[in-house]
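Examination of the molecular architecture
Listed here are the chains, written in short residue letters.
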Amino acid sequence: MSDNDRQTGPWVLALGTLAIGVGAMTMQLLRQSREREDRDREDAPADTHR
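Attention in this report is confined to the structure presented alongside it. (Residues numbered from 1 in each chain as written. Predicted model: local features only at pLDDT ≥ 70, side-chain atom pairs only at ≥ 80, totals over all residues. Heavy atoms only, no water.)

Describing the overall build of the protein chain
Summing up its helical and strand segments, the protein chain has 1 helix and 0 strands in all. Looking at the protein chain residue by residue over its 50 residues, the buried ones come to 0%. Here the protein chain displays about 4,900 Å² of accessible surface, and carbon together with sulfur accounts for 59% of that area. (Helix = DSSP H or I, 4+ residues; strand = E, 2+ residues; numbered from the N terminus. Buried < 20%, exposed > 50% of the residue type's maximum accessible area, 1.4 Å probe, protein only. Areas by Shrake-Rupley, 256 points an atom, 1.4 Å probe, with all protein chains shown as cover.)

The following block contains the structure:
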């Protein structure tokens, strides 16, 4: 293992963790958005003239 490999290891780990966090937040936001749309669709009257 060279000196350079030892320096990049923590960065790879940090970036991987960051990517997983961003992916999880994105999925949560999409899920909330979908639930909100479903709720709005249920609350909307039968005729959609607004």
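Okay, back to it.
Section: a nonpolar patch on the surface
A cluster of nonpolar side chains, contributed by L15, L18, V22 and M25, occupies part of the molecular surface with about 400 Å² of accessible area. Examined against the element boundaries, V22 turns out to sit in helix α1 (residues 3–43). (Patch = residues over 30% accessible without salt bridge, like charges linked within 9 Å, V, L, I, M, F, W, Y side chains within 5 Å. Salt bridge = Lys/Arg side-chain N within 4 Å of Asp/Glu carboxyl O.)

Notes on a negative patch on the surface
Taken together, the side chains of E37, D40, E42 and D43 define an acidic patch exposed on the protein surface. Mapped onto the secondary structure, E42 falls in helix α1. (Lys, Arg positive; Asp, Glu negative; His and termini not counted. Charge placed at Lys NZ, Arg CZ, Asp CG, Glu CD.)

In short, geometric facts, not functional conclusions.
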